[in-house]
Structures are given as structure tokens and as C-alpha cells.
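One letter stands for each residue in the lines below.
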Amino acid sequence: MGKNVEKSIKYLNKLQEMVGETWKQELDSYLKEEEDELSDESRDCIVGFLMTYKEEVVENKTTNLQEVEKKINNDLLFKNLKDYLDNLLEPYYVFAPLRTFYVKAPKETPALIEELFGQTILRYNFDILQEYEKYGFENMKAFGDFLNTLDGICAYVVKRNMYRGAIEDFIYNQTRLPGTLCGKITDLIDANFESMKLSYIIERLNQMEDE
């Protein structure tokens with residue numbers, strides 16, 4: 001769960017040194033998923049920039065972010081960058097109410113996580129959406145987005161057959177929940193791994209029949 005110490009602007013400077021004045025076009029191509037023509041070196045540099053820039057957004061490192069905006073100096077490219085990061089950080093934003101809830105009630109939150117897990121991941125209680133306030137959410141939509149994202153995270157780690165340590169790291173990187181909650185969710189996934197895998201296999205088979 002370590003954090004990057006490199007500044008993201010260094011990756012943009014390195015990209016410019018490697019490819020010259022076309023660096024903005026290369027960055028834009030990657031953001032638009034049109035990176036087929038990029039060299040491995042350019043791609044690695046852009047990925048390094050995006051991962052480091054993501055950390056700077058999460059940690060609200062204003063000076064670093066302003067340096068990047070000034071370096072890019074292009075409204076459209078900067079908008080594309082912001083849209084890309086917003087998509088990348090969607091789980092982080094969606095989990096914000098849970099992080100806030102934990103600050104207010106650290107002892108109660110793990111038990112609520114276990115309750116949520118049992119009623120949404122292992123089985124599904126259709127009435128749970130009505131209880132959004134109990135879990136610290138302002139409205140049903142925000143709670144629904146959170147539940148869908150939690151399900152997506154669980155599905156991903158099970159489908160990828162991740163080891164326990166990798167699961168905990170992935171949950172932290174996606175959500176920035178405190179270590180206690182990352183460990184709690186990891187424990188729940190680990191304890192129910194085989195039954196969850198079977199559920200996702202059945203779900204996928206049903207989807208294939210409907211196609």
C-alpha cells in the first residue's frame with residue numbers, strides 16, 4: 001500500500017524528451033485508447049504519469065496538479081485527462097461515504113460491512129436499497145452505485161483468482177478505505193471465495209444464454 005514519491009510532471013518531461021513535440025498527441029492517443037502506434041517506452045511513461053497523477057489527485061497535491069495543467073497548456077487535452085482520471089477514480093469517489101462513516105464510527109463499520117456483504121454479494125436483499133441512510137449514504141442512487149462498484153470489485157478479484165495479499169492491495173488502491181476495512185472485505189472474500197466463484201460462473205452462463 002505504498003505511495004509514489006515521484007512527481008507526475010517528471011513523466012511528462014521524460015515523454016517530451018523521448019518523442020519531442022508530439023508528446024501531447026501521444027498522451028491524447030493513449031487517453032482515447034488509440035495507443036496502437038505508441039512505442040513501449042512511450043506507453044510505459046504515460047502509464048507512470050497517470051498512476052502518479054492519480055495519487056496527486058487523491059492526495060490533493062495542488063502544486064503538482066497545477067504544474068501538470070501548465071505543462072499541458074491545452075484545454076481539450078486537459079479535459080480528456082480529467083475525464084480519464086474521473087473514470088479511473090470512480091470507485092474512490094463512490095466509496096467516499098463509507099470512508100466518512102468509518103471516521104465517525106470506526107468500531108461499528110466492520111460489522112456493517114459484513115452485513116452488507118451478506119445481503120448483497122453472497123445473497124441479495126432487494127429491500128437493502130431503502131436502508132441507505134443506515135450505511136451513511138445521502139440517497140438511494142449513491143448507495144446503489146456503491147453496491148454495484150463493490151460487486152464489481154469482488155467479481156474482478158475472484159475472476160482473476162487473486163491471492164489474499166493481492167486482494168487487499170487491490171481493494172485499497174481502488175477505494176482508499178482504511179486498512180481495517182480493506183482487511184475486513186478481504187477476509188470476507190477469502191472465506192467465501194469458492195462459492196462466489198461458482199456464483200459468477202453461473203451468472204456468466206446465464207448471460208451467454210441470453211445473448
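What you see is a predicted model; the values in this text were computed from it and never measured. (Residues numbered from 1 in each chain as written. Predicted model: local features only at pLDDT ≥ 70, side-chain atom pairs only at ≥ 80, totals over all residues. Heavy atoms only, no water.)

Some details on the packing of helix α7 (residues 96-104) against helix α8 (residues 109-122)
Viewed as axis vectors pointing N to C, α7 and α8 meet at an angle of 140°, and their least axial separation amounts to 9 Å. When the interaxial angle is binned, α7 and α8 end up oblique. Seen from α7, the contacting residues are L98, F101 and Y102; seen from α8, they are T109, L112 and I113. (Axes fitted to C-alpha atoms, helices over the stretch in contact; angles between N-to-C directions. Helix = DSSP H or I, 4+ residues; strand = E, 2+ residues; numbered from the N terminus. Parallel < 35°, antiparallel > 145°, perpendicular 65-115°, else oblique. Contact = heavy atoms within 4.5 Å.)

Considerations on the nonpolar core
F95, F143, F146, C154, I189 and M196 are the most contacted members of the largest nonpolar core, which has 38 residues in total. Looking at this core, the elements with two or more residues in it are α7, α8, α9 (140-159), α10 (164-175), α11 (179-191) and α12 (193-210). No other element matches α9, which puts nine residues into this core. Excluding residues that lie within four positions of it along the chain, M196 makes contacts with F117, I121, L122, C154, V158 and I189. By size, the runner-up hydrophobic cluster in this structure holds 23 residues, among which are F78, L85, L89 and Y92. (Core = buried A, V, L, I, M, F, W, Y, C linked by side-chain atoms within 4.5 Å. Buried < 20%, exposed > 50% of the residue type's maximum accessible area, 1.4 Å probe, protein only.)

A closer look at the packing of aromatic side chains
Working definition: an aromatic ring pair is given by the centre-to-centre distance plus the angle between the planes. Using the criterion set out here, one finds ten aromatic pairs in the structure. Between Y30 and Y84, the aromatic rings sit 6.3 Å apart at their centres with planes inclined by 55°, giving tilted as the arrangement. Taken together, the residues Y30 in helix α2 (residues 23-31) and Y84 in helix α5 (residues 75-88) connect sequence positions 54 residues apart. Judged by its relative accessible area of 13%, Y30 is buried. Note on Y156 and F170: the rings are 4.9 Å apart at their centroids and 20° apart in plane angle, and the pair reads as stacked. Highlighted residues: Y156 in helix α9 and F170 in helix α10, separated in sequence by 14 residues. Members of the aromatic cluster, each reached through a chain of ring pairs, are F95, Y135, F137, F143 and F146. A cation over a ring is seen here: R99 above Y92, with NZ or CZ 4.0 Å from the ring centre. (Phe/Tyr/Trp six-rings, centres within 6.5 Å; stacked < 30°, edge-to-face > 60°. Lys NZ or Arg CZ within 6 Å of the ring centre and 35° of its normal.)

Observations concerning α9
An ideal rise of 1.5 Å per residue puts 28 Å on 20 residues; α9 measures up with 28 Å between its terminal C-alpha atoms. Those residues of α9 lying buried are F143, G144, F146, L147, T149, L150, I153, C154, A155, V157 and V158. N-cap assignment for α9: the residue whose side-chain oxygen lies 3.2 Å from the backbone N of K141 is N139. Phi turns positive one or two residues past the end of α9, at N161, with a value near 55°. (Expected span 1.5 Å × (residues − 1). Polar contact = N/O pair within 3.5 Å; in protein donor to acceptor, adjacent residues only side chain to side chain.)

Side note on the pattern of salt bridges
One pass over the full model with this rule turns up twelve salt bridges. A salt bridge links R43 to D40; its shortest N-O distance comes to 3.2 Å. In this pair, R43 and D40 are both assigned in helix α3 (residues 40-58), three residues apart and thus about one turn of the helix distant. For the salt bridge of R164 with E168, the shortest nitrogen-to-oxygen distance reads 3.2 Å. Taken together, the residues span about one helical turn, with R164 and E168 both in helix α10 at a distance of four residues. (Salt bridge = Lys/Arg side-chain N within 4 Å of Asp/Glu carboxyl O.)

Observations concerning the confidence of the model for the protein chain
Reading predicted coordinates in detail is not appropriate for stretches of low pLDDT. Overall, the predicted model of the protein chain reaches an average pLDDT of 92, with 96% of residues at or above 70. Within the protein chain, helix α6 (residues 90-94) carries the highest mean pLDDT (97), whereas α12 carries the lowest (79). (pLDDT = per-residue confidence, 0-100.)

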